[in-house]
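Remarks on the overall topology
In case you want the letters, here they are:
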Amino acid sequence: MSLTIAALASGTGSNIEAICACIEGGRLDARMALVLSNAPEAPVLDKARARGIPVWARDHKEYADRVAFDQELLARIRESGADCVVLAGYMRLLSPFFVGAFAGRILNIHPALLPAFPGARAGADALAYGARITGVSVHFVDESMDNGPVIIQAALPVHDHDTLESLMARIHALEHRIYPQALQWLAEKRLLLEGRRVILLPGRETRETPYTHGAKSSGAWLVSPGLEGF
Ligand code: GRF
């Protein structure tokens, strides 16, 4: 079944671009119906406009409170016909009524191996802590920050000479592969929730999805469950 996506973002929009590229390339069975932002100057908006995707952006400070802003978001998303909400660098917690309205249909990407390093500075926190391995998580969204059931994770080493920029560049490269993959599994209805655990059901051509790994001079990486063509 094809997904109709509404994306929420506050920043650069590289993940939304990667998702759109996979849709355009026929690898992700989805349509990007609307990109919404609480930051009217966010670069993601011009990227969406350039692709002909409708955008909606308002500064959340113009609204009385979080609930009022989230009510407007929900109304716009419903109007767009979206059946799934993708958070990609959306820097605000969603109200419980919003999460309830799209239960099991809101995904987020986080640049660390949750539950390690939640929050807005995950890459810097992993470096400052001295973590030797960090990564990326795509998870279902619940009412708490960076907390819902994990769908897919990618791990990568932190090198001795890493700066925040070099580490985040490798993290982003993996984000751009695992987010479309998670969405394709959602489109194929292959994500079964058992408590906090997400079970990946077999696909039409895939009985089992073992981890995927790779190594280049720029570093090694490991993804589990594995990537299917992303
Ligand atoms: C990503 O690192 C994502 O993990 C985090 O916010 C960042 C968004 O990047 N939640 P972009 O705007 O998609 O480039």
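Residues numbered from 1 in each chain as written. Predicted model: local features only at pLDDT ≥ 70, side-chain atom pairs only at ≥ 80, totals over all residues. Heavy atoms only, no water.

Re the packing of aromatic side chains
Within the structure shown, the criterion is met by four aromatic pairs. Between F117 and Y129, the aromatic rings sit 5.7 Å apart at their centres with planes inclined by 65 degrees, giving edge-to-face as the arrangement. Of this pair, F117 sits in the loop between β5 (106–110) and α5 (122–129) while Y129 sits in helix α5, placing them twelve residues apart in sequence. For F117, a relative accessible area of 18% translates into the label buried. Through a chain of ring-to-ring contacts, the aromatic side chains of W56, Y63 and F69 assemble into a single cluster. (Phe/Tyr/Trp six-rings, centres within 6.5 Å; stacked < 30°, edge-to-face > 60°. Helix = DSSP H or I, 4+ residues; strand = E, 2+ residues; numbered from the N terminus. Buried < 20%, exposed > 50% of the residue type's maximum accessible area, 1.4 Å probe, protein only.)

Topic: the nonpolar core
Counting residues in each nonpolar core, the largest one holds 49 residues, and the members touching the most others are M32, I151 and L183. With eleven residues, helix α6 (residues 164–187) is the single largest residue contributor to this core. Sequence-distant contacts of M32, defined by excluding residues within four places in its chain, comprise I5, A7, I16, I19, C20, I23 and I53. Among the nonpolar cores identified, the runner-up in size contains 20 residues, and A6, I77, Y90 and F102 belong to it. (Core = buried A, V, L, I, M, F, W, Y, C linked by side-chain atoms within 4.5 Å. Contact = heavy atoms within 4.5 Å.)

Examining the packing of helix α1 (residues 14–24) against α6
The contact between α1 and α6 brings their axes to 9 Å, and the two run at 50 degrees. The angle between the axes of α1 and α6 places the two elements in the oblique class. In this structure, α1 crosses over α6, and the sense of that crossing is right-handed. Residues S14, N15, A18, I19 and C22 of α1 form the contact with α6, whose own contacting residues are H172, E175, H176, Y179, P180 and L183. (Axes fitted to C-alpha atoms, helices over the stretch in contact; angles between N-to-C directions. Parallel < 35°, antiparallel > 145°, perpendicular 65-115°, else oblique. Left-handed = near helix turned anticlockwise from the far one by under 90°.)

Quick word on unusual backbone geometry
At the junction of L114 and P115, the peptide bond is cis and its omega measures out at 15 degrees in the coordinates. With respect to the secondary-structure elements, P115 resides in the loop between β5 and α5. In this structure, F117 is a non-glycine residue whose phi angle is positive, near 50 degrees. The phi angle at D146 is positive, at roughly 50 degrees, despite the residue not being glycine. Tracing the backbone shows D146 in the loop between β6 (133–140) and β7 (150–157).

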